[in-house]
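Secondary and tertiary structure notes
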Amino acid sequence: MEPSPVDADDQFISIIDNPPEDVQAGTPPWKVAIIDDDSAVHDGTRFALQNFRLNGRGLEFHSAASAAAGRDLLRDQPDVAVILLDVVMESDEAGLDLVDYVRRELSNEAVRIILRTGQPGHAPEQRIVVDYDINDYKAKTELTAEKLFTTMTAALRSYEQLQRQTRMRQGLEVIVGASATLHRARTLREIGETALRQIARLVDSGPSGLFLADTQVTGDLSVVAGEGRYRGIASTAALEARHPSLARAVDAALVGRGTFCADGVCVGHVPMSNRNVVMAFDLDHQLCEADETLIAVFLARLATALDNVSLYEALEEANAVLEQKVIERSAALTATNQRLEAQTAELRRVNAFKNELLGIVAHDLKNPLSVIQGRTEILTEILGEAGDRAHHQLRAIRNSADRLAAIIDERLAEVRRDAPEMTLRPRDFDVLALVERIAEANSAHASRKRQTLAISGDTALMVHADEDRIADAVDNLLSNAVKYSPVGSTVGVSVVREGPEAVVRVTDSGPGIAAADRARLFHPFQRLSASPTHGESSTGLGLYSAKRIVDLHGGRIGLERSVEGEGGGSTFFLSLPLAPVPR
């Protein structure tokens, strides 16, 4: 840019030249809010950052000792750049509630929120970062002075970029809105008056401004429009008489073909190829880099409006057509995305169901295999004895193997069909007879632990249900009782009628269910604090599978009694509606 012919006292500078970051005079400090119920955290933060500088700006601290006080602070100070926020204050999630208040109720998307917690385990980082709109998550123990400096620098730079983007977005919205008004202007005066009003909106200053252009006849510069304190100026001679420094700035803009700002006034040359046009307008505040860029964009748009008034009409019509096409295309893409999202959600649900079924299959295979293994051991011991006993054990092995094959076939068939629910084949059967059969299947496992299976109950309690599914549910309860009961103990199973239901109770002599585990008993893949007493493995699916089966039959299942401690024992129950009595 060529040197300005303005007097030294006027101190006009190019709008493009920015002062160095470390010498930006008159810039306010960054506002930082410390919201923490520990006063030592406030003092330590202020001490660690007392000499902090970024872009020539220091820090201005604002403190609140609770989330409630933090709400008042952030409502009254909307230009806070960074919040250093504790999680646990007057409540365990007071800080997280404050995050929602800032983002949702205050609609403050720019402020950078850094969570600092002294209890990282209470608010796990992954959950907090996903569920809450925060920008960083730090344990108080890891925030050394250096790391605090680094974190603050990154947060402020991010905030500054967001502010710049916000300012650019707002300014571009003004420019886009002004373009439509400029397109409707049919004379130079109309364009000048419109441009002065819009530039005042763009830089958020008073309405005073002057629009000058050379005439196409003589080429002399003349006053086209004036607003505010320049409204009465009708000629360049009047401008020189009343505002000589501004007249010199206009000459400088014409010579330098640029933009100059000083002493609360900005003068810009509109970049046109066929004529000279200058705008001068008052400033109420110092321009930032975004403002300077926006002014340049506005002047370029103004030049286009001045050069192509007639062409803008056709362009506006073309833009309207294009905008409608974009809207229609966007609507079509939105509909397509919604369909894809729905299909994706369904695929995820089906895939999750497949995984669940495969897990249940793996669990259901374990108990029949245990029976096969137990019978095999017994068979090995009696090979030399009478043949009848050998045949009896072989039949038991064969029955368990058949049951295992049936389970595999049913589960895999359901997976292949992507079935959302289990397939039930109900029929009438005697509950006590089923319990005795399940007890016989588990007797080998119990024998190895020298346990006694005590079966009692009412006969002829008929229910209408899928016998194989209910057998799985009862087997899960009984095998768990054997698994968690100590060596030499007794596992009791009773079948009784209670009102319109047949109730199966399984009582063990194990260590009981811990209070912390009871809420998770019937959820999938839950490992409880108690351990099997003979090295058995557990998938965490047995009770979940049993509950799912019973729920599908309209029955109930649950923990009826449990006493924590050695030999305290637990009692689980399973109830099913009795089958209607035939008339």
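Provided above is the structure to which this section pertains.
This report concerns the structure included in the present document. (Residues numbered from 1 in each chain as written. Predicted model: local features only at pLDDT ≥ 70, side-chain atom pairs only at ≥ 80, totals over all residues. Heavy atoms only, no water.)

**Focus: the overall build of the protein chain**
Along its length, the protein chain carries 15 helices and 18 strands. Residues counted as buried form 45% of the 583 residues belonging to the protein chain. In the protein chain, of all internal contacts separated by at least 6 residues, the share reaching a separation of at least 24 is 67%. Accessible surface for the protein chain amounts to roughly 29,800 Å². Of this, 52% is attributable to carbon and sulfur atoms. (Helix = DSSP H or I, 4+ residues; strand = E, 2+ residues; numbered from the N terminus. Buried < 20%, exposed > 50% of the residue type's maximum accessible area, 1.4 Å probe, protein only. Contact = heavy atoms within 4.5 Å. Areas by Shrake-Rupley, 256 points an atom, 1.4 Å probe, with all protein chains shown as cover.)

**Re the side chain of D466**
For D466, the location among the structural elements is in the loop between β14 (462-465) and α13 (467-484). Despite its burial, D466 remains without a salt bridge, the nearest opposite charge being carried by R469 at 4.3 Å. A polar atom in the side chain of D466 sits 3.2 Å from the backbone nitrogen of D468. The contacts of D466, once residues within four sequence positions are left out, are T423, L424, R425, P426, F429 and H553. (Lys, Arg positive; Asp, Glu negative; His and termini not counted. Salt bridge = Lys/Arg side-chain N within 4 Å of Asp/Glu carboxyl O. Polar contact = N/O pair within 3.5 Å; in protein donor to acceptor, adjacent residues only side chain to side chain.)

**Quick look at the environment of R242**
Mapped onto the fold, R242 is located in helix α7 (residues 236-242). Using a relative accessible area of 47% as the deciding quantity, one classes R242 as partly exposed. Once the C-alpha coordinates of R242 and Y230 are considered, the two residues, 12 residues apart in sequence, prove to be 9.5 Å apart. In contact with R242, other than residues within four places in its own chain, are R229, G232 and I233.

**What about the sheet that holds strand β15 (residues 490-498)?**
Read from one edge to the other, the open sheet built from 5 strands follows the order β13-β15-β16-β18-β17, with strand pairing classed as mixed. What marks the edges here is a single partner per strand, and that holds for β13 (452-457) and β17 (556-562). Shown here is a sheet whose adjacent strand axes are inclined to one another by a mean of 15 degrees, direction ignored. The pairing of β13 with β15 spans 6 bridges and is parallel. Its bridge partner lying in β15, S456 is registered against S494. Of the strands in this sheet, β13, β15 and β16 (501-507) are in contact with helix α12 (residues 431-448), which crosses β13 at around 175 degrees. Contacts from helix α15 (residues 542-552) reach β17 and β18 (570-577), with the element oriented near 130 degrees to β17. (Pairing = 2+ DSSP bridges. Axes fitted to C-alpha atoms, helices over the stretch in contact; angles between N-to-C directions.)

**With respect to the state of the cysteines**
A complete count under the given rule lists 1 disulfide for this structure. Paired by a disulfide, C261 and C266 hold their sulfur atoms 2.2 Å apart. Exposure class is identical for C261 and C266. Each is buried. (Disulfide = S-S within 2.5 Å.)

**A closer look at the nonpolar core**
With 37 residues, the main nonpolar core has V504, V506 and L574 as its most contacted residues. Counting residues per element, the ones that place at least two in this core are α12, β14, α13, β15, β16, α15 and β18. Discounting chain neighbours no more than four positions away, the residues touching V506 are L477, L478, A481, V491, G492, V493, S570, T571 and F572. M168, V224, I295 and L306 belong to the second largest nonpolar core, which has 34 residues in total. (Core = buried A, V, L, I, M, F, W, Y, C linked by side-chain atoms within 4.5 Å.)

**Topic: the sheet that holds strand β3 (residues 59-64)**
The sheet built from 5 strands is open, its strands ordered β3-β2-β4-β5-β6 with parallel pairing. Pairing within the sheet leaves two strands with one partner each, and these edge strands are β3 and β6 (136-139). Here the strands of the sheet are splayed against their neighbours by 20 degrees on average, with no regard to which way each runs. Of the strands in this sheet, β2 (30-35), β3, β4 (82-86) and β5 (112-117) are in contact with helix α1 (residues 39-48), which crosses β3 at around 180 degrees. Contacts from helix α3 (residues 94-105) reach β2, β4 and β5, with the element oriented near 175 degrees to β5.

**Points about the pattern of salt bridges**
Summed over the entire model, instances satisfying the criterion amount to 19 salt bridges. The salt bridge partner of K547 is D551, with a shortest N-O separation of 2.7 Å. Highlighted residues: K547 and D551, both in helix α15, separated by 4 residues, approximately one helical turn. Classification of K547 as partly exposed rests on a relative accessible area of 28%. In this structure D551 comes out as partly exposed when scored by relative accessible area, which is 41%. Through salt bridges with shared partners, a single network forms among D36, D86 and K140.

**So, the side chain of E227**
Here E227 shows up in strand β8 (residues 221-227). There is a polar contact of 2.8 Å between the side chain of E227 and the side chain of R231. E227 has contacts with E193, L196, R197, P207, S208 and G209, leaving out every residue within four places of it along the chain.

**Section: the packing of helix α2 (residues 67-76) against α3**
The N-to-C vectors of α2 and α3 enclose an angle of 20 degrees; their axes lie 10 Å apart at closest approach. Between α2 and α3, the angle is such that the two are roughly parallel. With respect to the hand of their crossing, α2 and α3 are arranged in right-handed fashion. For the pair formed by α2 and α3, the contact residues are A67, G70, R71, L74 and R75 on the first element and A94, D97, L98, Y101, V102 and E105 on the second. (Parallel < 35°, antiparallel > 145°, perpendicular 65-115°, else oblique. Left-handed = near helix turned anticlockwise from the far one by under 90°.)

**Focus on the packing of aromatic side chains**
In the structure shown here, the tally under the stated rule is 2 aromatic pairs. Taking the centre distance of 6.5 Å and the plane angle of 80 degrees together, the rings of W30 and Y159 count as edge-to-face. Pair noted here: W30 is in strand β2 and Y159 is in helix α5 (residues 145-184), with a separation of 129 residues, a long-range link. On the basis of relative accessibility, which here comes to 2%, the residue W30 falls in the buried class. On the basis of relative accessible area, Y159 is assigned to the buried category, the value being 7%. The aromatic ring of W30 is capped on one face by R57, whose charged end is 3.7 Å from the ring centroid. (Phe/Tyr/Trp six-rings, centres within 6.5 Å; stacked < 30°, edge-to-face > 60°. Lys NZ or Arg CZ within 6 Å of the ring centre and 35° of its normal.)

**Focus: the packing of helix α6 (residues 188-203) against helix α9 (residues 289-307)**
Put simply, α6 and α9 touch, their axes get as near as 11 Å, and they point 165 degrees apart. One element, α6, and the other, α9, form an angle in the roughly antiparallel class. Like other packed secondary-structure pairs, α6 and α9 cross with a definite hand, here right-handed. Residue-level inspection shows L188, I191, A195, Q198, I199, L202 and V203 of α6 in contact with α9, the latter providing L294, I295, F298, L302, A305 and L306. In terms of residue class, the contact of α6 with α9 is built from 12 nonpolar, 1 polar and no charged. (Nonpolar A, V, L, I, M, F, W, Y, C, P; charged D, E, K, R; others polar.)

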